[in-house]
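Spelled out, the chains give:
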Amino acid sequence: VRFGGFTNRGFTITECYDNDPKKIGNKVGEFTIQNVTNIAPAPEWRSKMVMLCVPASAAQKMAEKLVECGVKAILNYAPMHLSVPADVRVQYIDPVIVLQRMAYYLKDHEK
């Protein structure tokens, strides 16, 4: 949320949610962290693209909730495949796989 490289590339962060009571209500940059239970279909819901940064155990349920709200694109950081309708695009980012690729590259070039 603090990363400043989105806006100058045409992306605007509009909201930030969490389920941790210690975080809800706190400010992160210009955003107040909202309770994840507040995510619900509403006429004012405008986000069509989201970054889903939750544990694998919560990812599918959150994806379903977001799709109900009209989300059409999900950038998923959870290490699992999401089951979503065909008109919803999911892009997967698994940091462990990226680290494994980097480690392989380094190992190969240490010889």
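Residues numbered from 1 in each chain as written. Predicted model: local features only at pLDDT ≥ 70, side-chain atom pairs only at ≥ 80, totals over all residues. Heavy atoms only, no water.

**Topic: the overall build of the chain**
Condition: Helix and strand definitions follow DSSP, with helices as H or I runs of at least four residues and strands as E runs of at least two, each counted in order from the N terminus. When accessible area is computed with a 1.4 Å probe and restricted to protein chains, residues below 20% of their type maximum are described as buried, those above 50% as exposed, and intermediate ones as partly exposed. Throughout, a contact is declared for two residues whenever any of their heavy atoms are within 4.5 Å. Residues scored as positive are Lys and Arg, those scored as negative are Asp and Glu, and His as well as the terminal groups of each chain are ignored. Charge placement uses NZ in Lys and CZ in Arg. For Asp and Glu, CG and CD serve respectively.
On a plain count of helices and strands, the chain comes out with 2 helices and 7 strands. By principal-axis analysis of the C-alpha atoms, the chain measures approximately 60 × 35 × 30 Å. The buried share among the 111 residues of the chain stands at 23%. Partitioning the contacts of the chain with sequence separation of at least 6, the portion at a separation of at least 24 is 29%. Distance between charge centroids for the chain: 3 Å, based on 14 positive and 11 negative side chains.

**Points about the pattern of salt bridges**
Here is the rule: Salt bridges are defined by distance alone: a side-chain nitrogen of Lys or Arg within 4 Å of a carboxyl oxygen of Asp or Glu.
Across all of its chains, the model carries 2 salt bridges by this definition. The residue Lys 23 makes a salt bridge to Asp 18 at a minimum N-O spacing of 3.8 Å. Given the relative accessible area of 38%, Lys 23 is considered partly exposed.

**Points about the pairing of strand 6 (residues 73-76)**
Heads up, the condition is: Strands are labelled as partners when DSSP assigns at least two bridges between them. A crossover gets the label right-handed when its path from the first strand over the helix to the second runs clockwise, viewed with the strands pointing away from the viewer.
As paired elements, strand 5 (residues 49-52) and strand 6 share 4 bridges and run parallel to each other. In the strand pairing of strand 6, Leu 52 is matched with Asn 76. Handedness of the strand 5-helix 1 (residues 56-68)-strand 6 crossover: right-handed. Looking at chain direction, strand 6 and strand 7 (residues 89-92) are connected through 4 bridges and run parallel. Residue pairing for strand 7: Ile 74 is matched across the bridge by Val 90.

**Some thoughts on the layout of surface pockets**
Short version of the rule: Of the grid points, spaced at 1 Å and generated over the protein atoms alone, those admitting a 1.4 Å probe that cannot get out make up cavities, while open sets with protein on both sides within 12 Å along at least five of seven lines make up pockets; any residue with an atom within 4 Å of a point is treated as lining. Grid points are joined across faces, edges and corners, and a volume is the space filled by probe spheres set on the points. Classification used: nonpolar for Ala, Val, Leu, Ile, Met, Phe, Trp, Tyr, Cys and Pro, charged for Asp, Glu, Lys and Arg, polar for all others including Gly.
What the largest pocket holds in volume is close to 1,200 Å³. Around the largest pocket sit 36 residues that line it, and Glu 15, Val 50, Met 51, Leu 52 and Cys 53 are the ones nearest its centre. Elements that contribute at least two residues to the lining of the largest pocket include exactly strand 1 (17-18), strand 5, helix 1, strand 6 and strand 7. Partitioned by chemical class, the residues of the lining of the largest pocket number 25 nonpolar, 6 polar and 5 charged. Space inside the second largest pocket adds up to approximately 160 Å³. Around the second largest pocket, the lining residues are Val 1, Arg 2, Phe 3, Gly 4, Phe 6, Thr 7, Thr 12, Ile 13, Val 28, Gly 29, Glu 30 and Phe 31. Considering only residue class, the lining of the second largest pocket consists of 6 nonpolar, 4 polar and 2 charged.

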